[in-house]
Amino acid sequence: MRRAVLIAIPYAWLLALFLVPFGIVLKISLSDTAIAIPPYVPTLDLAEGWAGFRAFLSELDFENFVWLTEDDLYWKAYLSSLKIALISTIFTLLVGYPMAYGMARAPEEWRPTLMMLVILPFWTSFLIRVYAWMGILSNEGFLNQALLWLGVIGEPLALLNTNTAVYIGIVYTYLPFMILPIYAALDRLDGSLIEAAEDLGCSRLQAFWLVTIPLSRPGIIAGSFLVFIPVLGEFVIPSLLGGSGTLMIGKVLWEEFFSNRDWPVASAVAVVLLLILVIPIVLFQRNQQKQAEAEQ
Amino acid sequence: MGDIVSSTVFEPWTDPQAEPLIRFRNVTKRFGSFTAIDDLTLDIYEKEFFALLGPSGCGKTTMMRMLAGFENPTEGSIELAGRDIANVPPNKRAVNMMFQSYALFPHLNIWDNIAFGLRRDKMPKVDLEARVEEMLKLTRLEKFAKRKPHQISGGQRQRVALARSLAKAPKLLLLDEPLGALDKKLRQDTQFELMDIQEKTGTTFVIVTHDQEEAMTVASRVAVMDEGHLMQVATPDRIYENPESVYVADFIGDVNIIQGRASAVGGETYSIDWAEGQGQLTATSATSFDNGQTCHLAIRPEKVTITADRPEVADNVVQGRVHDIAYLGNLSTYHVELPNGTIIKAQTANTRRISRRSFTWEDPVWLSWTATAGVLLAN
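Residues numbered from 1 in each chain as written. Chains lettered and ligands numbered in written order. Predicted model: local features only at pLDDT ≥ 70, side-chain atom pairs only at ≥ 80, totals over all residues.

## What to know about the UniProt feature "domain: ABC transmembrane type-1" (unreviewed entry) in chain A
Filter applied, for reference: UniProt positions are given in the numbering used here, feature names are shortened, and annotations may be inferred rather than shown by experiment. Comment: elements are numbered from the N terminus, with helices defined as DSSP H or I runs of at least four residues and strands as E runs of at least two.
This chain's UniProt record puts "domain: ABC transmembrane type-1" (unreviewed entry) on residues 78-284 of chain A. End-to-end, the C-alpha atoms of residues 78-284 of chain A are 20 Å apart, and along that stretch the chain is 78% helix and 0% strand.

Spelled out as structure tokens, the structure:
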């Protein structure tokens, strides 16, 4: 009995906060847009009973999904999102791994402080931090001012409202999600394994490639998914830092919803995005499970 | 006796012509203000099974890590086969180490763990496979080649670690507390296996241990260390029978230490005045003592005879009462309290059933030993 209750709680949570909302979105995605409140038809009229429900079902169709394939804006946006998510995940890994490595190698008494520094940015609003980057990256921003003053560049670099700014914003924002799992993996690494590798003929670099990297792989995979999955649907960073050339599905979704007020198409975009995300999420879960099994 | 070199007994340390494989020359190692190794000089010969024995923090692990190349001496030099190895990194030394934690690579199976070092040497595939198979056979691990380290038992892991460190046929193999993680029974079996493998491969072994029994069993010579100093370097029997200091006598096995003042009786015989109301003790010693010099008589419990009646002929006799009995199955150690409160331990083999034991608690008994049974030590 107690066990059943314990199991029921997460399932109830999932049902109420994921499956039911998803059902609603799915329903809207199968509807047609209309100038009404809410802005789509059909709506379910329970007063008419079973016949009303049948009539409601008969009016649902896949028109919006077909539309997504017909207008190349959408698949271009999906592909561009995948590309941006992939590239920024790689950049985050390249920046995050050395930081995590440095933390794991730092003297014991320094580690809590370093950990604190990684987490500290979370104490301010995400939105404010992204706005701060606008201040840094704009033509009159701190970065250009500094570079001009140093004489590195002759005229301001156009950074804001480009994909470069989006990458900078994403790497900055998602860095802790990459660092923490890698740090956790490296922290558990037994130092004598590196010594054993050196003892058996490895140079420092070989020992790093042959022992440290393979043994931190679960952390690398976990960190990469923790960055890749949310970045794929990211909306705030591309809309604030990106320009007209930055095409991301989160932005498209927002415009369909608020600018076009086409709820059914926006919902269809959201459903497809979720289906795309299912693949990496499943892979991520598999990685976590494999890691848990290896630790037993 | 140092000048008699037997051709059958393995004793290169007695041969002045023999070239040592490892030579520590006035080695000092400091970590900050802490001196781990203090001006230490030591020779280790080829094919030796050399044990570094001491309590934790005595510097034995530092000695081993300097041999492996993970630490460099602060002062002095270490030579391996006549070459100073101070600036040779660990991966360039013909020295391999078996780690206390075994340090098996968890992401590689047993076969790949053993092949790891050979692959770094770019060994041809055929030779590599033959060598790994040979190592698997030597350590009886053929059946487990495809398993991962977490899928085998502690004893098997220990053998994988040994096979991996032996695979490159090092000149010198270092073993850091190799049997520490095994239970007692398995440890004893493995000790003999280690000796067997050492003999088969002819590799020089240096073992670090805090377990004196282990050191005594496996080693050709034992170095007893304390606080960065070598207290004594000798064969196990000499360490046990002829300790050079109270520290060594006390560290190895069980011992009675009787403090007193020596006075020469003649020849190498001394009488020891040790407690009021007790007769003088007699002991022989090759090292000479001044009259009235403080000395310590170290005598092993098994060399003390315990009897109910006063023995007729004995160099040393004391009387006391049985204070405690430590029953070990095959042996019993009697703790005998003398009238002045001193406790002397006497050990006998239990050749009879326990129900027929001759002495029990509070029995008055006599303890006796010969003049040559103990060792007279200055400090």
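## Concerning the domain arrangement of chain B
Residues and elements named next belong to chain B. Counted only if it meets this: The split into domains, and so the bounds of each, comes from an automatic or database assignment of domains. We call two residues in contact when the distance between their C-beta atoms, placed using the backbone, is within 7 Å. Note that Gly is not counted as nonpolar here; it falls among the polar residues with everything else outside the nonpolar set of Ala, Val, Leu, Ile, Met, Phe, Trp, Tyr, Cys and Pro and the charged set of Asp, Glu, Lys and Arg.
One can read the domain layout of chain B as domain 1 (12-94 + 170-249) and domain 2 (254-377). Between domain 1 and domain 2, the C-alpha centre-to-centre distance is 34 Å. Taken residue by residue, the interface counts five residues in domain 1 and six residues in domain 2. Its residues assigned to classes, the side of domain 1 that touches domain 2 comprises three nonpolar, two polar and no charged.

## A few points about the UniProt feature "domain: ABC transporter" (unreviewed entry) in chain B
Those residues carrying the UniProt feature "domain: ABC transporter" (unreviewed entry) are residues 22-252 of chain B in this numbering. Secondary structure over residues 22-252 of chain B splits into 36% helix and 26% strand, and the C-alpha atoms at its two ends are 25 Å apart.

## Notes on the confidence of the model for chain A
Note the cut-off: How sure the predictor is of each residue is captured by pLDDT, a score from 0 to 100.
Per-residue confidence for chain A gives a mean pLDDT of 90; residues scoring 70 or more make up 99%. Across chain A, the secondary-structure element scoring lowest on mean pLDDT is helix α2 (residues 49-58) of chain A, at 82, and the one scoring highest is helix α4 (residues 72-105) of chain A, at 95.

## Things to note about the UniProt feature "transmembrane region" (unreviewed entry) in chain A
The sites that carry the UniProt feature "transmembrane region" (unreviewed entry) are, in the present numbering, residues 12-30, 77-101, 113-134, 165-186 and 265-284 of chain A. Along residues 165-186 of chain A the backbone is 100% helical and 0% strand, and the end-to-end C-alpha distance reaches 30 Å.

## Observations concerning the environment of B:Phe205
All names here are of chain B. Its location among the elements puts Phe205 in strand β8 (residues 204-209). Through-space distance from the C-alpha of Phe205 to that of Gly76 is 23 Å; in sequence the pair is 129 residues apart. Here Phe205 is in contact with Phe49, Phe50, Leu173, Leu175 and Gln198, once residues within four sequence places are set aside.

## Some thoughts on unusual backbone geometry
Phi is mostly negative for residues that are not glycine, and the peptide bonds are mostly trans. The peptide bond linking A:Ile37 to A:Pro38 adopts the cis configuration, its omega dihedral lying at -10 degrees. For A:Pro38, the location among the structural elements is in the loop between β1 (32-33) and β2 (40-41). Note the cis peptide between A:Val41 and A:Pro42, where omega equals 0 degrees. Here A:Pro42 shows up in the loop between β2 and α2. One non-glycine residue, B:Ala103, lies in positive phi territory at about 50 degrees. Counting through the fold element by element, B:Ala103 comes out in the loop between β6 (95-98) and α2 (110-120).

## Points about the interface of chain B and chain A
Between chain B and chain A, the residue contacts involve 16 residues of the former and 14 residues of the latter. For the side of chain B that touches chain A, the per-class residue count stands at nine nonpolar, five polar and two charged.

## So, the sheet that holds strand β13 (residues 281-284) of chain B
Residues and elements named next belong to chain B. Stated formally: What makes two strands pair is DSSP finding at least two bridges between them. Here, axes are lines fitted to C-alpha atoms. For helices the fit covers the stretch in contact, and angles between N-to-C directions go from 0 to 180 degrees.
Pairing is antiparallel in the open sheet, where five strands are placed in the order β13-β12-β11-β14-β20. In this open sheet, the two strands that pair with only one neighbour each are β13 and β20 (375-377). Here the average twist between neighbouring strands, direction ignored, is 45 degrees.

## Description of the confidence of the model for chain B
All names here are of chain B. Per-chain confidence: chain B averages 89 in pLDDT, with 98% of residues scoring 70 or above. No element of chain B has a lower mean pLDDT than helix α5 (residues 184-201), at 87, and none a higher one than α2, at 95. Scored below 50 in pLDDT, residues 1-6 makes four contacts in the model with residues more than four places away or belonging to other chains. ipTM for the predicted complex: 0.82, alongside a pTM of 0.81.

## Here's the deal with the packing of α4(A) against helix α8 (residues 163-188) of chain A
Between two packed helices, the angle of one axis relative to the other and the distance separating the axes together describe the packing. Residues and elements named next belong to chain A. Put simply, the rule is: Here is the rule for angles: anything less than 35 degrees is roughly parallel, anything more than 145 is roughly antiparallel, 65 through 115 is roughly perpendicular, and the remaining ranges are oblique. Whether a crossing is left-handed or right-handed is set by the direction in which the near helix is turned from the far one by less than a right angle, anticlockwise for left-handed and clockwise for right-handed.
Here α4 crosses α8 at 45 degrees, and the two axes come no closer than 6 Å. It follows from the interaxial angle that α4 and α8 lie oblique. Here α4 and α8 pass one another in a crossing that is right-handed. When grouped by side-chain class, the residues that make up the contact of α4 with α8 number 22 nonpolar, three polar and one charged.

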